[in-house]
Amino acid sequence: MGTAARRKALRMNAFAWLLLFPSLIFLLLFTLYPVFGSLKLSLYQADLGTPEPYFAGLDNYAAMAEDEVFWKVLTNNVWFAVGTVPTSIMISLLMAIFANKVMRAKGLVRTAFFYPTVIPMIAIGNIWLFIYTPDYGMVARVLEWFGLEGPNWLGTQSLVMIAMIIMVLWKEAGYFMVFFLAGLQNISEELYESAKVDGVPAWRVFWRITFPLLMPTTLFVSIIALTNSFKLVDHLWIMTKGGPENASNLLLYYIFETAFSFWDRGMASALTTVMIALLLLLAALQFFGFDRKIHYR
Amino acid sequence: MMKKISYGLMYILAAVWTAPLVWTIWTAFRPKRLALSSSITFDFTLVNFTHVWSAAPFTTYYINTILIVAGIFAVQFLTASMAAFAFARIDFWGKNIVFLLFLAQIMIPADILIFPNYNVLRDLSLLDTKLGIMIPYFASAFGVFLLRQMFKTLPFELDEAARLEGCNLWQVLWKIYVPLARPAYISFGLVSVSYHWNNFLWPLIVTNSIENRPLTVGLAIFAQSFETGAQWSEVTAATIIVILPLLLGFMVFQRQFMNSFIHSGIK
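None of the values given here were measured: they were computed from a predicted structure.

1. Describing the overall build of chain B
Part 1 of the argument: Looking only at helices and strands, chain B has 14 helices and zero strands in total.
Part 2 of the argument: The N-to-C order of helical and strand elements in chain B reads α-α-α-α-α-α-α-α-α-α-α-α-α-α.
Part 3 of the argument: Radius of gyration (C-alpha) of chain B: 23 Å, far over the 18 Å computed for a compact globule of 267 residues.
Part 4 of the argument: The principal-axis extents of the C-alpha atoms in chain B amount to approximately 75 × 65 × 30 Å.
Part 5 of the argument: Taken across its 267 residues, chain B has 43% of its residues classed as buried.
Part 6 of the argument: Put simply, of all contacts in chain B between residues at least 6 apart along the chain, 76% involve residues at least 24 apart.

Next comes the structure, spelled out in structure tokens:
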């Protein structure tokens, strides 16, 4: 390589790194360093009882394995995911198929399904707290018309999770709908026309054409829904604080409690590390498992 | 026939979906004494709103949220444009590793790093400041990937022409790429603004004083100051105050919002 060419390459490299420099600083400070910081602090005993943190090996993880609340929030998270991911996909797919074909009030229908996306989770918590209030809430009123007395949704251990799942379905379905709408628009109209000419019934058209061709979108949406089931916890602060008896508590909210209510910094770091591991597992699943079936533009 | 029934059911579903909002608005504009009654009357009042506005410093909260949202996007605009340009147009050493670091931010979002990031903020003495709320979001991998996609679609002849005119690469970025990538910036902006307008847990942890609290935290604290269910009129009014700007924005720019949120799923 000539000196001139080398000098030019060097200059381009320097320029590229200068362009990246601002982003890199913030990424290092608030993504990379916190990840390793958590890993390190998780190996220390650092709570209110230990003014000077000391190295404790895997003690925090051992305590975590013994901690009933930890297993409770983890199982809750699994149920939360099981309750929200497949159902929100089904509902949003239905919404998209309908919103794609409907003639009357098309814009209005889409707005009705999508608007919860732009409302903060904390406001949704406020609204649904009222909806679920015994005797006076919207659900209780509707049940009253049918002569039924509704239960205390948020105060009953066996019901609170279902109540949360329904609320999150309401929040997310319209958001996922836009992905399916985009997916539907990519399916060629000719396929449907030839199916119509051959007199194929509508449900077979769905299972043979629409559903398989939407598969990439479906997998893609499931990943977002799954990640969201770990991230959505704001509503807990306003609605239940994780109760009753941790029946609605989720991993991220438990991290929040451990760090900022109990001030157990070592344990909060260990829990954060578990969370990171779970999310990396999800990412790995996506990259090595699903990715070949998902097409990107 | 089947079609008519299923269409009917979907219209009902759409109605059910709007019910929570309609009910919230209904309660907020009704006199307080009627809040718990199930009778349907058409009494209308703004008292709940004036009451809320004087009972809690919502003006300060509003200003704070606007400053935070605008501050985050202003910095993201700069950092993401620059990084995206490097990824889209320049071959440099270590490109793949840096790319992985950006991917890491998408896989491990700041939302779940609340505790370690709190520690970083404490070490930087930025607790209970607006800058502290903003700073973890100054680099946006989402923005970088979105803009990079867009930049890559721009024809290479454009920058060659600009280079012949005597522009250097830095000028090519700001004078040619940024203006041409406007649709991507609109998507980026809408997603960023709605995300940070709605963010709650992080500002809750970071802030400690009214001067720095955003709307979401203010609303939550306001709602918690009452016994459950005792003050529906006030809390629904406060909720509407918080959600109104984004909701109105969405109603007006419906199409842009929906298209933008499609990009927000980028991985």
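What follows continues from the structure just given.
2. Comments concerning the overall build of chain A
Part 1 of the argument: Secondary structure summary: chain A contains 13 helices and two strands in total.
Part 2 of the argument: At 25 Å, chain A has a C-alpha radius of gyration far larger than the 19 Å of a compact globule built from 297 residues.
Part 3 of the argument: The 297 residues of chain A split such that 41% are buried.
Part 4 of the argument: Once local pairs closer than 6 in sequence are excluded, the contacts in chain A between residues at least 24 apart make up 68%.

3. Focus: the interface of chain B and chain A
Part 1 of the argument: Taken together, the contacts link 69 residues of chain B with 72 residues of chain A.
Part 2 of the argument: For the side of chain B that touches chain A, the per-class residue count stands at 52 nonpolar, 15 polar and two charged.

4. A word on the packing of helix 10 (residues 182-198) of chain B against helix 14 (residues 254-263) of chain B
Residues and elements named next belong to chain B.
Part 1 of the argument: Viewed as axis vectors pointing N to C, helix 10 and helix 14 meet at an angle of 85 degrees, and their least axial separation amounts to 8 Å. In this view, helix 10 runs roughly perpendicular relative to helix 14, as classed from their interaxial angle. Where helix 10 approaches helix 14, its residues Ile-186, Ser-187, Leu-190 and Val-191 are matched on the opposing element by Gln-256, Phe-257, Asn-259, Ser-260, Phe-261 and His-263.
Part 2 of the argument: Residues belonging to the contact of helix 10 with helix 14 are distributed by class as follows: five nonpolar, five polar and no charged.

5. Digging into the packing of helix 4 (residues 95-107) of chain B against helix 7 (residues 141-153) of chain B
Residue and element names in this part refer to chain B.
Part 1 of the argument: Running from N to C, helix 4 and helix 7 cross one another at 120 degrees; their axes reach a closest spacing of 8 Å. Accordingly, the angle class assigned to the pair helix 4 and helix 7 is oblique. Contacts between helix 4 and helix 7 involve Phe-102, Leu-103, Gln-105 and Ile-106 on the former and, on the latter, Ala-141, Phe-142 and Val-144.
Part 2 of the argument: Within the contact of helix 4 with helix 7, the residues separate by chemical class into six nonpolar, one polar and no charged.

6. Let's talk about the domain arrangement of chain B
Often the size quoted for an interface is simply the accessible area lost on bringing the parts together.
Residue and element names in this part refer to chain B.
Part 1 of the argument: Under the domain assignment, chain B is made up of domain 1 (1-45) and domain 2 (46-263).
Part 2 of the argument: For domain 1 versus domain 2, the distance between C-alpha centres works out to 32 Å.
Part 3 of the argument: Contact with domain 1, which involves eight residues of that partner, is made by nine residues of domain 2.
Part 4 of the argument: The residue inventory of the side of domain 1 that touches domain 2, partitioned by class, reads three nonpolar, three polar and two charged.

7. Observations concerning the nonpolar core
Part 1 of the argument: Counting 150 residues, the largest nonpolar core has Phe113(A), Met177(A), Leu252(A), Ile255(A), Ile114(B) and Leu147(B) as the members making the most contacts within it.
Part 2 of the argument: The leading source of residues in this core is helix 7 (residues 157-185) of chain A, at 14 residues.
Part 3 of the argument: Two domains each put at least three residues into this core: domain 1 (1-45) and domain 2 (46-263) of chain B.
Part 4 of the argument: Look past the residues within four positions of Phe113(A) in its chain and what remains in contact with it is Met95(A), Ala99(A), Ala173(A), Gly174(A), Met177(A), Ala14(B) and Trp17(B).

8. What to know about the environment of His263(B)
All names here are of chain B.
Part 1 of the argument: Tracing the backbone shows His-263 in helix 14.
Part 2 of the argument: Distance in space between the C-alpha atoms of His-263 and Gly-143 is 9.7 Å, their sequence separation being 120 residues.
Part 3 of the argument: Filtering out sequence-adjacent residues up to four positions away, His-263 remains in contact with Leu-146, Ser-187 and Val-191.

9. Notes on the confidence of the model for chain B
Part 1 of the argument: Scored by pLDDT, chain B comes out at a mean of 89, with 95% of its residues at no less than 70.
Part 2 of the argument: Predicted as a complex, the structure gets a pTM of 0.90 and an ipTM equal to 0.89.

10. Brief notes about unusual backbone geometry
Residue and element names in this part refer to chain A.
Part 1 of the argument: Although it is not a glycine, Asp-135 sits at a positive phi angle of roughly 70 degrees.
Part 2 of the argument: Position of Asp-135 among the secondary structure elements: in the loop between helix 5 (121-132) and helix 6 (138-145).
Part 3 of the argument: With 12 C-beta atoms packed within 10 Å, Asp-135 lands in the exposed category.

11. What to know about the environment of Val217(B)
Residue and element names in this part refer to chain B.
Part 1 of the argument: Tracing the backbone shows Val-217 in helix 12 (residues 215-224).
Part 2 of the argument: Residue Val-217 is classed as buried on the basis of its 26 C-beta neighbours within 10 Å.
Part 3 of the argument: A C-alpha to C-alpha distance of 8.8 Å links Val-217 and Asn-199, two positions 18 residues apart in sequence.
Part 4 of the argument: Contact partners of Val-217, with chain neighbours within four places excluded, come to Phe-200, Pro-203, Leu-204 and Thr-207.

12. Some thoughts on the confidence of the model for chain A
Part 1 of the argument: Residue-level pLDDT values for chain A average 89, and 97% of them are 70 or greater.
Part 2 of the argument: Within chain A, helix 12 (residues 251-260) of chain A carries the highest mean pLDDT (95), whereas helix 8 (residues 189-197) of chain A carries the lowest (85).

13. Description of helix 5 (residues 114-123) of chain B
Part 1 of the argument: Along helix 5 of chain B, the residues that are buried comprise Ile114(B), Phe115(B), Pro116(B), Asn117(B), Tyr118(B) and Leu121(B).
Part 2 of the argument: Taken from the residues just after helix 5 of chain B, Ser125(B) is the one with a positive phi, measuring 55 degrees.

14. Some details on the environment of Ile72(B)
Residue and element names in this part refer to chain B.
Part 1 of the argument: Mapping Ile-72 onto the fold places it in helix 3 (residues 58-89).
Part 2 of the argument: Given 22 C-beta atoms within a 10 Å radius, Ile-72 is considered buried.
Part 3 of the argument: Sequence-wise, Ile-72 and Met-134 are 62 residues apart; in three dimensions their C-alpha atoms are separated by 5.7 Å.
Part 4 of the argument: When residues no more than four places from it in sequence are discounted, the contact partners of Ile-72 are Met-134, Tyr-137, Ser-192 and His-196.

The rules behind the values
- Residues numbered from 1 in each chain as written.
- Chains lettered and ligands numbered in written order.
- Predicted model: local features only at pLDDT ≥ 70, side-chain atom pairs only at ≥ 80, totals over all residues.
- Helix = DSSP H or I, 4+ residues; strand = E, 2+ residues; numbered from the N terminus.
- Rg over C-alpha atoms; globule rule 2.2 N^0.38 Å.
- Buried ≥ 20, exposed ≤ 12 C-beta atoms within 10 Å, placed from the backbone.
- Contact = placed C-beta atoms within 7 Å.
- Nonpolar A, V, L, I, M, F, W, Y, C, P; charged D, E, K, R; others polar.
- Axes fitted to C-alpha atoms, helices over the stretch in contact; angles between N-to-C directions.
- Parallel < 35°, antiparallel > 145°, perpendicular 65-115°, else oblique.
- Domains from an automatic or database assignment.
- Core = buried A, V, L, I, M, F, W, Y, C linked by C-beta atoms within 7 Å.
- pLDDT = per-residue confidence, 0-100.

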